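Given next are the chains, with one letter for each unit.
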Amino acid sequence: MEDKIKELMETVDKLNLKITELEKRVHDLETGSIGTGVYLDGTPDYVKEYINKEGDK
């Protein structure tokens, strides 16, 4: 019986860790610049600022 409880506790701990990881990923997606639909790596800062400003309209 103790083994089952221990196994269940380990499963719950793994699920909690996975939920925390998923919440962080969702937060990063919601607050990051990924939602612009434009590939911004390697572009000058003034271009990124313009795209982000125009994207907010």
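Above this text sits the structure in question.
In this report, the structure presented in the accompanying data block is examined. (Residues numbered from 1 in each chain as written. Predicted model: local features only at pLDDT ≥ 70, side-chain atom pairs only at ≥ 80, totals over all residues. Heavy atoms only, no water.)

This paragraph deals with the overall build of the protein. Counting its secondary structure elements, the protein contains two helices and zero strands. Burial statistics for the protein: of 57 residues in total, 2% are counted as buried. As presented, the protein carries roughly 5,600 Å² of accessible surface, and 58% of it is formed by carbon and sulfur atoms. (Helix = DSSP H or I, 4+ residues; strand = E, 2+ residues; numbered from the N terminus. Buried < 20%, exposed > 50% of the residue type's maximum accessible area, 1.4 Å probe, protein only. Areas by Shrake-Rupley, 256 points an atom, 1.4 Å probe, with all protein chains shown as cover.)

Now for the environment of N52. Mapped onto the fold, N52 is located in helix α2 (residues 45-55). When the C-alpha positions of N52 and L40 are compared, they lie 10.0 Å apart, and in sequence the two are twelve residues distant.

In this section: the pattern of salt bridges. Under the definition given, this model contains two salt bridges. Here E21 ties to K18 by a salt bridge, and the two come within 4.0 Å at their closest N and O atoms. One end of the pair, E21, and the other, K18, are both in helix α1 (residues 2-31), three residues apart, so they sit about a helical turn from each other. Judged by its relative accessible area of 42%, K18 is partly exposed. (Salt bridge = Lys/Arg side-chain N within 4 Å of Asp/Glu carboxyl O.)

Further remarks concern a negative patch on the surface. A contiguous patch of negative charge, built from E2, D3, E7, E10 and D13, is present on the exposed surface. Within the element layout of this structure, E2 appears in helix α1. (Patch = residues over 30% accessible without salt bridge, like charges linked within 9 Å, V, L, I, M, F, W, Y side chains within 5 Å. Lys, Arg positive; Asp, Glu negative; His and termini not counted. Charge placed at Lys NZ, Arg CZ, Asp CG, Glu CD.)

Attention now goes to a nonpolar patch on the surface. Nonpolar side chains collect at one region of the surface, where M1, I5 and M9 lie side by side and expose about 380 Å² of accessible area between them. Along the chain, the position of M1 falls in the segment before α1.

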